[in-house]
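# Commentary on secondary and tertiary structure
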Amino acid sequence: MLEIAMRLSLDALRTLETIADAGNFARAAERLHRVPSALTYTVQKLESDYDLVLFERVGRRMQLTPAGQAAVEEARALLRHAEAAENRFRKLGEGWEARLTIAVDAMLRIEWLFPIIAAFDAEDTRTALRLNEETLGGPWDALIEGRADIAVAGGEAPAGYGISSSLLAEITWDFACAPGHPLADIAAETDTPLTAATIRRFRAVVASDTARKLAARTSGVQEGQAILAVSGVHNKIRAQAAGLGVGFVPRHLAQPWFDDGRLLRLAVEVPRERTRLLVAWRSGEQGLALNWFRDRLREDAALRAHLSCARAGAG
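The structure contained in this document is the topic of the report that follows. Treat the numbers as computed from the prediction; the structure is a model and nothing was measured. Counting restarts for each chain: residues are numbered from 1 in the order of the written sequence. For this predicted model, a pLDDT threshold of at least 70 governs which residues receive local features, and a threshold of 80 or more governs which side-chain atom pairs are given and counted, while totals over whole chains, interfaces and linings are taken from all residues. For side-chain calculations, the full set of non-hydrogen atoms in the structure is used, while hydrogens and water are omitted.

## Here's the deal with the packing of helix H1 (residues 10-22) against helix H3 (residues 36-50)
Comment: axis = line fitted to C-alpha atoms, over the contacting stretch for helices; angle = value between 0 and 180 degrees taken between N-to-C directions. The helix count covers DSSP runs of H or I at least four residues long, the strand count covers runs of E at least two residues long, and both are numbered beginning at the N terminus. Between H1 and H3, the shortest axis-to-axis distance is 10 Å and the interhelical angle comes to 110°. With respect to their mutual orientation, H1 and H3 come out roughly perpendicular. Relative to H3, H1 is oriented so that their crossing is left-handed. Residues Ala-12, Thr-15 and Ile-19 of H1 touch H3, and the partners they reach there are Leu-39, Thr-42, Val-43 and Leu-46. The labels follow the angle: roughly parallel below 35 degrees, roughly antiparallel above 145, roughly perpendicular from 65 to 115, and oblique for the rest. A clockwise turn of the near helix away from the far one marks a right-handed crossing, whereas an anticlockwise turn of less than a right angle marks a left-handed crossing. Throughout, a residue-residue contact means that at least one pair of heavy atoms, one from each residue, lies within 4.5 Å.

Have a look at this one:
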């Protein structure tokens, strides 16, 4: 095996940086609690090892050469990386995971998690975070397959996979279509809720399931109804507002569209039941970052407020 000797040491880099900051060898030696001759030796060895001239005498002063200035900049960058790595090792030793992935149901706006992430950053854990948006069975699938460490997922945990969960909120659904959609005219002509037979005549917009292993699901669709599948709940709402179809939408996301008239809320004979939104993780798994996010997600009042919708509506 070819072995490469690393001649560049952190001590040499620190020495070079300190000399540059202090302005001369004597003051640098004081800061480093070393004798000036030791610093001179370190610099001479660097110059010899890499065939460089780092300092030149100008009058009675030693001044960095252009190569020396470039070397100092490289030294500072390498030292910052080394310090970051040292902090990272220390945090790992304390039990913080190297990385944590959270699968987020598309019913939850990812930006609503930003204050929670900011609070986590204040812990200075050095844990790398990843947020992945998933739809329907996608968060569960990501958790089961190990693509996520924690999930915010709708519905109930699939049985037999060793998943623990805690209730975050219950999502209310409203049946909706664009004001100019033919179904809106039918609803305006009758005082009774829309029947399944009437709804079936018009195309439904659905959010595509992102699950890879688990069987794909659709929700709120009538048997035999035509479908337009789009990626994500937000695109489903946009498609319905564009008049491309009808369907149930989560109230906490669609309320602004109802408020400004881009969507109409319609009464239906068979409303969709509320969906439980859960915080989930693999049973028995522990980790400081995992535990921190699990507990914070379950307890965060602001997040629960985002998911609640004060206004009552039909359906």
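Having seen the structure, we can now continue with the description.
## Regarding the sheet that holds strand S6 (residues 163-171)
The strand order across the open sheet built from 5 strands is S4-S3-S5-S12-S6, with neighbouring strands paired in mixed fashion. The outermost strands of the open sheet, each flanked by one partner alone, are strand S4 (128-134) and S6. On average, adjacent strands in this sheet sit at an angle of 20° to one another, irrespective of strand direction. Note on pairing: two strands pair once DSSP finds at least 2 bridges between them. Relative to strand S5 (residues 150-154), strand S3 (residues 99-105) is paired through 3 bridges, and the arrangement is parallel. Residue pairing for S5: Ile-102 is matched across the bridge by Ile-150. The strands touched by helix H11 (residues 288-299) are S3, S4, S5, S6 and strand S12 (275-282); relative to S12, the strand with the most contacts, the crossing angle is about 165°.

## Observations regarding the packing of aromatic side chains
Only the six-membered ring of Trp is used, alongside the rings of Phe and Tyr, when aromatic pairs are assigned; centres must lie within 6.5 Å, and planes under 30 degrees apart are stacked while those over 60 apart are edge-to-face, with the rest tilted. Per the counting criterion, the structure on display carries 6 aromatic pairs. When the ring of Phe-120 is compared with that of Trp-292, the centres are 5.2 Å apart and the planes differ by 65°; the resulting orientation is edge-to-face. Here Phe-120, found in helix H5 (residues 114-121), pairs with Trp-292, found in helix H11; they are 172 residues apart in sequence, far enough to count as distant. In this structure Phe-120 comes out as buried when scored by relative accessible area, which is 1%. Burial here depends on accessible area, computed with a 1.4 Å probe over protein chains only, as a share of the maximum for the residue type. Under 20% is buried, over 50% is exposed, and the range in between is partly exposed. By relative accessible area, which is 16% here, Trp-292 ends up buried. Measuring from ring centre to ring centre gives 5.1 Å for Phe-175 and Phe-248, while their planes differ by 75°; the resulting arrangement is edge-to-face. Residue Phe-175 is found in strand S7 (residues 173-177), and its partner Phe-248 is found in strand S10 (residues 247-250); the two are separated by 73 residues along the sequence. Judged by relative accessible area, which is 2%, Phe-175 ranks as buried. Residue classification places Phe-248 among the buried residues on the basis of a relative accessible area of 6%. An aromatic cluster is present here, built from Trp-96, Phe-120, Trp-292 and Phe-293 joined pairwise through their rings. Over a ring means this: the NZ of a Lys or the CZ of an Arg is within 6 Å of the ring centre and within 35 degrees of the ring normal. A cation sits over an aromatic face here: Arg-262 above Trp-257, 3.8 Å from the ring centre.

## Overview of the environment of Thr-15
Mapped onto the elements of the fold, Thr-15 is located in helix H1. Judged by its relative accessible area of 1%, Thr-15 falls in the buried class. It is 7.8 Å that separates the C-alpha atoms of Thr-15 and Leu-32, two residues lying 17 residues apart in sequence. Once you skip the residues sitting within four places of it in the chain, Thr-15 turns out to touch Leu-32, Arg-34, Leu-39 and Thr-42. Side-chain atoms alone can form a polar contact between residues adjacent in sequence; in general such a contact is a pair of N or O atoms within 3.5 Å, and within protein one must be able to donate a hydrogen while the other accepts it. Here the side chain of Thr-15 touches Asp-11 through a polar contact of 2.9 Å, landing on its backbone oxygen.

## Brief notes about a nonpolar patch on the surface
Exposure above 30% relative accessible area and the absence of a salt bridge qualify a residue for a patch, where like charges join within 9 Å and nonpolar side chains (Val, Leu, Ile, Met, Phe, Trp, Tyr) within 5 Å. Working definition of accessibility: Shrake-Rupley area with a 1.4 Å probe, residue cover restricted to the visible protein chains. Any carboxyl oxygen of Asp or Glu that lies within 4 Å of a side-chain nitrogen of Lys or Arg is treated as forming a salt bridge with it. A surface patch of nonpolar side chains, about 290 Å² in accessible area, is lined by Leu-8, Tyr-50, Leu-52 and Leu-78. Assignment of secondary structure puts Leu-8 in the segment before H1. Judged by its relative accessible area of 31%, Leu-8 falls in the partly exposed class.

## Focus on the side chain of Thr-65
Mapped onto the elements, Thr-65 comes out in the loop between strand S2 (61-64) and helix H4 (66-94). By relative accessible area, which is 7% here, Thr-65 ends up buried. Engagement of the side chain of Thr-65 in a polar contact is seen with the backbone oxygen of Val-53, the distance being 2.5 Å. Within polar-contact distance, the side chain of Thr-65 engages the backbone nitrogen of Gly-68 at 2.9 Å. When neighbours within four sequence positions are excluded, Thr-65 is seen to be in contact with Val-53, Leu-54, Phe-55 and Glu-56.

## Some remarks on H11
With 12 residues, H11 extends 16 Å between its outermost C-alpha atoms, agreeing within 8% with the 16 Å of an ideal straight helix rising 1.5 Å per residue. Those residues of H11 lying buried are Ala-289, Leu-290, Asn-291, Trp-292, Phe-293, Arg-294 and Leu-297. A helix is expected to span 1.5 Å for every residue after the first.

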